[in-house]
Structure formats: structure tokens, C-alpha cells
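Notes for the structure review
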Amino acid sequence: MTPDRDELIRLLALEDFTPVYARADAVRRESVGDTVHIRAILEFSNYCRRQCRYCGLNRNNRTAHRFRMTPEEMLATARAAHQAGYRTLVMQSGEDPWYTKELLGEVVKEITSWDMVVTLSVGERPHGDFAYWKQCGATRYLLKHETADPVLYDALHPCGTLEARVGCLRALKALGYETGSGFMIGLPGQTLSTIADDLLLLKDIGCDMAGIGPFIPHPATPLAHQSAGDPALATRAVALARLLLPAAHLPATTSLGVLDDAEKQHVFSCGANVIMKKVTPDAYKTLYEIYPAQLGHTDIPAERRALEQQIRALGRNPL
Ligand code: SAH
């Protein structure tokens, strides 16, 4: 039986969550097995037309140095990721209309011609763009709903609505994309009932993937002085997402690892089965600062090998 809203709220507040983690781990094993999928993520532009109050890329952040990778640079990085063994590339950016549907479409066509799956994560676009990129070969799209509370959504997003965002997700799903949503834990004003609604929204959309990670304050945003989200609460939400969506792809999010590396290992025994690794070239990687993080030098093959070892050490099979 899947938990309803009241049950989700009760579970999120449990003193001892261990039995729920164990159940989520069992459901994960039965539904998606022991594989941990490793995805390469290329962050190709930090220009953004939006003003999301939590995000370091928001257009009001005048301290950010902006960059755009050329299609040639994107293809060179994608090629290096392919050579290192990656078979999925997540292409992420701010909402940057400089990349027309045709231009991104050409990049997608090329990369998918080498037996590589492309996941797009470029924000809200006209639904016709989604349809066009599907024809170019893109099969997955990530667009987190961020928060299911419409009042909180409005307070955090001066230039968008929850309705429009969920409208994009439903359009992606209807087009046949493997559709990924997700949300942040610890946004100021969020309660456990908000998180229950976030989880139920994932289910209602019929998400194939869901990224759930803690909020991390960025110093050049209006939320600079808020506290970060609780990593353990993020792990609880991942476990409950596994119970609601047994077959979904659920990543151990990067933001979880930034706040608490041990929790990022732990979440693999609580329902997670995906991990993303940045392949963004060094020159751009530090500029793609959604939230502050310590980043090392990008060495695509070496980092992939290290990650495979870490996954094997958890008793799981990297792919
Ligand atoms: N422009 C794209 C990509 C956004 S960045 C889009 O709109 O989908 C990817 C994700 O980072 C966001 O969806 C959000 O959930 C997360 N994020 C942004 N700022 C954050 C912060 N300060 N702390 C934690 N996660 C954040």
C-alpha cells in the first residue's frame, strides 16, 4: 500500500526512520535492482533570464561571470565523456534563449548518433521546442518543480508560476520523454506537509526520475542568510519517493554530497540508484555556481573510474 498525504507527513516526522529506509531499500532492489547509473552532466551556459531567489545563476546576480560554451566545445566534452564510458549525457544550463531550438537540436542529433542518451535540462521552453528536440533524438528531460506549494513557489520565483512549470512537465510526459522532476528540502517557509505535497506531485505527474536535494544558500542571492536544508530530511524524502514510485530513477543529488558526503553514501541504501558526475571543463565549472561548492579539477576518465570503485565498494554495480 502506498502512503497517503497524512501518512507521508507522519512518516517524515518519525523519531526512528530506520524501518522506512529498509523498506525503501527492499523496494529499490526488487524494482530496479543493484545497478547504479552514472550520468555525465555538462553545464554549458550560466546565462539565465530568470530570477529564482535561491539560485546563484539568477539574472539579478551581477557578481556572476557569465559563459556560454560553443557547440564545438560541447561536442568535444561529450566525446570525452563517451570515450570514458558514459552512455548518458545530461546537458544543463540556465534558461538561455541564445541556444535556439535548432542549435541545441543539432548538438543533440550529433551526440545521440554515437549511442549516447541525451537528457536535456534547460528550463521552461515553448512546448514546440520539447517536441522538436524529441525528434532530434533527446529522450529524457529534467525540470524540477522546486516546490509544490503555489504560494511558496510565487514567493521564490518572480518570473514564473507553478502551473506553467507543471504544464511543461505534463507536456514532456505526453511527448513520451522520460520525465524528471524534483524539489528542494529546506526552502524557507517549507513544512513537512509541503514535502508530502511535493512527493504526491511527483506521483501525479508520473515522473520517471526525481532529484531531491537540500537547499544550500548562495551568498549573492536574496536567500543568502537562510540556513541550509537538512541532509537527513532529504534522504527521508528520497526513501518515500522510492515507496511512491518504485521504478523511478532517483539520484543521490550533488547538493546532498556538498553538505554531507556520508549522507550521500547512505542515500544509496535508502532508495537512490543514480549519480551524476560533472564533466564540465575546469574553465566553466566554477562559474556554474547554483550554490557554493568545493570543486576539484575535471579529469573525466579518472573521475569515472573512481566513482565506479566507490559504487562497487557499496556492493552495487556501476553502469
Ligand atoms: N535552468 C534549469 C536548470 C536549473 S539548475 C531549470 O530551470 O531546470 C538545477 C537545479 O538546481 C534546480 O532545478 C534547483 O532544484 C537546484 N538549485 C538551484 N539553486 C539551488 C540552491 N541554492 N540549493 C540547492 N539546489 C539548488
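Scope of this entry: the structure provided in the associated data block. What you see is a predicted model; the values in this text were computed from it and never measured.

1. Here's the deal with the overall build of the chain
In terms of regular secondary structure, the chain is built from 13 helices and eight strands. Overall, the C-alpha framework of the chain stretches about 50 × 45 × 40 Å when taken along its three principal axes. Taking all 319 residues of the chain together, 54% fall into the buried category. Long-range pairs, those at least 24 residues apart, make up 75% of the contacts in the chain between residues at least 6 apart in sequence. Carbon and sulfur atoms make up 52% of the accessible area of the chain, which amounts to about 13,100 Å² in all. In the chain, 35 positive and 37 negative side-chain charges are present, and the distance between their average locations comes to 3 Å.

2. With respect to the pattern of salt bridges
Tallied over the entire structure, the rule returns 20 salt bridges. When the shortest N-O distance is used, the salt bridge between lysine 101 and glutamate 102 registers 3.5 Å. Classification of lysine 101 by relative accessible area gives partly exposed; the value is 26%. Taking relative accessible area as the criterion, glutamate 102 reaches 40% and is therefore assigned partly exposed.

3. Some thoughts on the environment of threonine 280
Mapped onto the fold, threonine 280 is located in the loop between strand S7 (274-278) and helix H12 (282-285). It is 39 Å that separates the C-alpha atoms of threonine 280 and aspartate 16, two residues lying 264 residues apart in sequence. Residue contacts for threonine 280: discarding those within four places in its chain leaves Ile41, Leu42, Glu43, Lys285 and Thr298. Among the polar contacts made by the side chain of threonine 280, one reaches the side chain of glutamate 43 at a distance of 2.8 Å.

4. Here's the deal with helix H13 (residues 300-313)
End to end, H13 covers 20 Å across 14 residues, agreeing with the expected 20 Å (1.5 Å per residue, within 8%). Those residues of H13 that fall on the buried side of the exposure criterion are Ile300, Glu303, Arg304, Leu307, Glu308 and Ile311. End-on view of H13: buried residues confined to an arc of 140°, all on one side of the axis. Counted as exposed and oriented over 90 degrees from the buried face of H13: Arg305, Gln309 and Ala313. A side-chain oxygen of the first residue of H13 lies 3.2 Å from the backbone nitrogen of alanine 302; this N-cap is aspartate 299. Where H13 terminates, the next one or two residues include glycine 315, which has phi positive at roughly 80°.

5. Describing the packing of aromatic side chains
Taken as a whole, this structure holds seven aromatic pairs when the rule is applied. For the pair phenylalanine 67 and tyrosine 284, a centre-to-centre distance of 4.7 Å together with 20° between the ring planes defines the contact as stacked. Of this pair, phenylalanine 67 sits in the loop between strand S1 (35-45) and helix H3 (71-83) while tyrosine 284 is found in helix H12, placing the two residues 217 residues apart along the sequence. The class of phenylalanine 67 is buried, set by a relative accessible area of 5%. Summarising the aromatic geometry, the rings of tyrosine 141 and tyrosine 177 are spaced 5.9 Å apart at their centres and angled 80° between planes, so their arrangement reads as edge-to-face. Of the two residues, tyrosine 141 is situated in strand S4 (residues 140-142) and tyrosine 177 in the loop between helix H7 (162-174) and strand S5 (178-185); the sequence distance between them amounts to 36 residues.

6. Let's talk about unusual backbone geometry
If you check the backbone angles, aspartate 115 has positive phi at about 60° while not being a glycine. Checked against the element boundaries, aspartate 115 lands in the loop between helix H4 (101-112) and strand S3 (117-121). Given a relative accessible area of 59%, aspartate 115 falls into the exposed group. Even without being glycine, glutamate 146 reaches a positive phi, approximately 75°. Looking at where glutamate 146 falls in the secondary structure, it is placed in the loop between S4 and helix H6 (150-156). According to the relative accessible area criterion, glutamate 146 is buried, its value standing at 11%.

Conventions and cut-offs
Residues numbered from 1 in each chain as written. Predicted model: local features only at pLDDT ≥ 70, side-chain atom pairs only at ≥ 80, totals over all residues. Heavy atoms only, no water. Helix = DSSP H or I, 4+ residues; strand = E, 2+ residues; numbered from the N terminus. Buried < 20%, exposed > 50% of the residue type's maximum accessible area, 1.4 Å probe, protein only. Contact = heavy atoms within 4.5 Å. Areas by Shrake-Rupley, 256 points an atom, 1.4 Å probe, with all protein chains shown as cover. Lys, Arg positive; Asp, Glu negative; His and termini not counted. Charge placed at Lys NZ, Arg CZ, Asp CG, Glu CD. Salt bridge = Lys/Arg side-chain N within 4 Å of Asp/Glu carboxyl O. Polar contact = N/O pair within 3.5 Å; in protein donor to acceptor, adjacent residues only side chain to side chain. Expected span 1.5 Å × (residues − 1). Arc of directions from axis to C-beta. Phe/Tyr/Trp six-rings, centres within 6.5 Å; stacked < 30°, edge-to-face > 60°.

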